[in-house]
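As a plain string of letters, each chain reads:
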Amino acid sequence: MIGYIGRRLLAVVPIVLLATLVTFALIHISPVDPAEAYLTAAHIYPTEEVLAQKRHEFGLDQPLIVQYVHTLGRLVQLDFGTSYLTNQPVWEEIVSRFPATAELALSSILLSIVVSVPLGIAAAVYRNSWIDMLSRIIAYLGASIPQFWLGYLLIFFFAVKLDWLPVEGRGDWTNLVLPTITLSLVLIALYTRLLRASMLDQMQATYVQYGRMRGLHERTIMLRHVLKMALMPLISSIGMNVGRLLTGTIIVEQVFSWPGLGRYFVEAIFNRDIPVIQCYVLLAACLFIICNLLVDLIQLWMDPRISLKGQTEQ
């Protein structure tokens, strides 16, 4: 098991390097000149002399391999440059906005798990019952309703008509209710159907029939054996969604004026703020890598046979 964890940790290093290389390449393939973008954001007319000066200042007149090595050196020190728009260090702005995004992401994940796990278990155990039909309706609504439309609908009823909850911004827990519900509906739909399908598949396995033959209680079989194995694909899906949510939910943050990474990234795109875009893309890649690694470790803890399979494959 320790060897498997070590191999997975070592595999992260080349993936992160590849992410830095792709991010670096995207910036240089883009038709946007970083020097010109900086001057435009600073409201300075981009003459040839000024452009040449800024390109030299940014190191853009050096060979690409030299620029990439310098970029890696800055990234190791968490130096992503200065925002063209605000003239503030990009990393400090990212760090200041990350708690808002993390708060919204974790609340959405927790709400979706609290609702979908019991509902998915009940839908599988009581197949074709009214609970199963309810889970299908929720799944249909979650997959059909666009998040921006749901967000505006919740604002109209609970903020404008009933005046129960605030419309926008980040404050106390009341500001978190509407965006959390907006994000959670599609996750509840996904997790409920995924858990239901996984449990139904596990209920047909041989070990379930063997447990019943041994006289084990049905609740013991379901909760201690079937549910444990059925949670594996659900954990994988949660890990992917955590990575996506931690990088900012662009639509929901725009609808509710939530001061998170997604909204910050949209503003950077509109203003061609290249250091912010570069930092965001690399941060998103790293967060997905970390989430996938944590999912693998959790699944290994739940099912140690995973490491044995990895050794067998080698």
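Residues numbered from 1 in each chain as written. Predicted model: local features only at pLDDT ≥ 70, side-chain atom pairs only at ≥ 80, totals over all residues. Heavy atoms only, no water.

Structural notes on the state of the cysteines
The following threshold applies: Cysteine sulfur atoms are paired as a disulfide whenever they fall within 2.5 Å. The buried label goes to any residue with under 20% of its type's maximum accessible area, the exposed label to any with over 50%, and the partly exposed label to all in between, with areas taken from a 1.4 Å probe on protein chains only.
Under the defined criterion, the tally for this structure stands at zero disulfides. No disulfide involves Cys-279; its sulfur sits 9.4 Å from the nearest other cysteine sulfur, which is in Cys-286. A relative accessible area of 0% means that Cys-279 is categorised as buried. Left unpaired, Cys-291 is separated from the closest cysteine sulfur, that of Cys-286, by 11 Å. Among the residues examined, Cys-291 registers a relative accessible area of 9% and is labelled buried.

A look at the pattern of salt bridges
Rule in force here: By definition, a salt bridge exists where a carboxyl oxygen of Asp or Glu is found within 4 Å of a side-chain nitrogen of Lys or Arg. Helix and strand labels come from DSSP, where a helix needs a run of H or I of at least four residues and a strand needs a run of E of at least two; each type is numbered from the N terminus.
Here the structure, examined in full by the defined rule, presents three salt bridges. The shortest N-O distance in the salt bridge between Asp-132 and Arg-193 comes to 3.7 Å. Taken as a pair, Asp-132 in helix 6 (residues 130-144) and Arg-193 in helix 8 (residues 174-203) lie far apart in primary sequence, 61 residues in all. We note a salt bridge from Asp-132 to Arg-196, for which the minimum N-O separation is 2.8 Å.

Details of helix 5 (residues 90-125)
Keep this limit in mind: Helix span is expected to be 1.5 Å times the residue number reduced by one. A residue's bend is given by the angle between axes fitted to the 7 residues ending at it and the 7 residues starting at it.
With 36 residues, helix 5 ought to run about 52 Å at 1.5 Å a step, and its terminal C-alpha atoms sit 50 Å apart, in line with that. Along its length, helix 5 shows its largest kink, about 30°, at Phe-98, and proline Pro-99 lies within four residues downstream of that point.

Thoughts on the packing of helix 5 against helix 10 (residues 218-246)
Applicable threshold: Every axis corresponds to a line fitted to the C-alpha atoms, with the helix fit spanning only the stretch in contact, and the corresponding angles, defined between N-to-C directions, vary from 0 to 180 degrees. With respect to orientation, any angle under 35 degrees is reported as roughly parallel, any angle over 145 as roughly antiparallel, any angle of 65 to 115 as roughly perpendicular, and every other angle as oblique. Two helices crossing with the near one rotated counterclockwise from the far one by less than a right angle form a left-handed crossing, whereas a clockwise rotation gives a right-handed crossing. Contact criterion: two residues are considered in contact whenever any of their non-hydrogen atoms come within 4.5 Å of each other.
Contact geometry of helix 5 with helix 10 gives a least axis separation of 10 Å together with a crossing angle of 155°. For the element pair helix 5 / helix 10, the angle class is roughly antiparallel. By crossing handedness, the relation of helix 5 to helix 10 is classed as right-handed. Across the interface between the two elements, Phe-98, Thr-101, Ala-102, Ala-105, Ser-108, Ile-109, Ile-113, Val-117 and Ile-121 from helix 5 touch Leu-227, Leu-234, Ile-238, Asn-241, Val-242, Leu-245 and Leu-246 from helix 10.

Details of the layout of surface pockets
Operational definition: Each cavity reported here is a set of points on a 1 Å grid over the protein atoms alone in which a 1.4 Å probe fits but cannot get out, each pocket an open set with protein on both sides within 12 Å along at least five of seven lines, and each lining residue one with an atom within 4 Å of a point. Grid points are joined across faces, edges and corners, and a volume is the space filled by probe spheres set on the points.
In this structure, the largest pocket occupies an estimated 520 Å³ of space. Contributing to the lining of the largest pocket are 24 residues, with Phe-58, Arg-74, Tyr-84, Pro-275 and Gln-278 lying nearest its centre. Counting only elements with at least two residues in the lining of the largest pocket, the list comes to helix 1 (2-29), helix 2 (34-41), helix 4 (64-76) and helix 13 (274-302). Examining the composition of the lining of the largest pocket, we find that five residues originate from one element, helix 4, more than from any other.

Some remarks on the confidence of the model for the protein chain
Test applied: pLDDT runs from 0 to 100 and stands for how confident the predictor is about each residue.
Mean pLDDT over the protein chain: 80, with 94% of residues reaching 70 or higher. When pLDDT is averaged over each element of the protein chain, helix 5 comes out on top at 88 and helix 14 (residues 305-313) at the bottom at 50.

Some words on unusual backbone geometry
Positive phi, close to 60°, is recorded for Leu-78, a residue that is not glycine. Looking at where Leu-78 falls in the secondary structure, it is placed in the loop between helix 4 and helix 5. In this structure, Ser-257 takes a positive phi of about 50° despite not being glycine. With respect to the element layout, Ser-257 can be found in the loop between helix 11 (250-255) and helix 12 (261-270).

Here's the deal with the environment of Thr-23
Positionally, Thr-23 belongs in helix 1. Measuring from C-alpha to C-alpha, the distance between Thr-23 and Gln-278 comes to 6.3 Å, with 255 residues separating the pair along the chain. With near-sequence residues (within four places) excluded, Thr-23 lies in contact with Gln-278, Val-281 and Leu-282.

Digging into the packing of aromatic side chains
Note the threshold: Ring pairs shown here join Phe, Tyr and Trp side chains whose ring centres sit within 6.5 Å, with only the six-membered ring taken for Trp; geometry is labelled stacked below 30 degrees between planes, edge-to-face above 60, and tilted in between. Put simply, a charge is over a ring when the Lys NZ or the Arg CZ is close to the ring centre, within 6 Å, and near the line of the ring normal, within 35 degrees.
Under the defined criterion, the tally for this structure stands at five aromatic pairs. With centroids separated by 5.5 Å and ring planes inclined at 25°, the aromatic side chains of Phe-80 and Trp-91 adopt a geometry described as stacked. With Phe-80 in the loop between helix 4 and helix 5 and Trp-91 in helix 5, this pair connects stretches of sequence that are eleven residues apart. Of the residues examined, Phe-80 reaches a relative accessible area of 13% and is grouped as buried. A relative accessible area of 27% places Trp-91 in the partly exposed class. The cationic tip of Arg-97 hangs over the ring face of Tyr-264; the distance from NZ or CZ to the ring centre is 4.2 Å.

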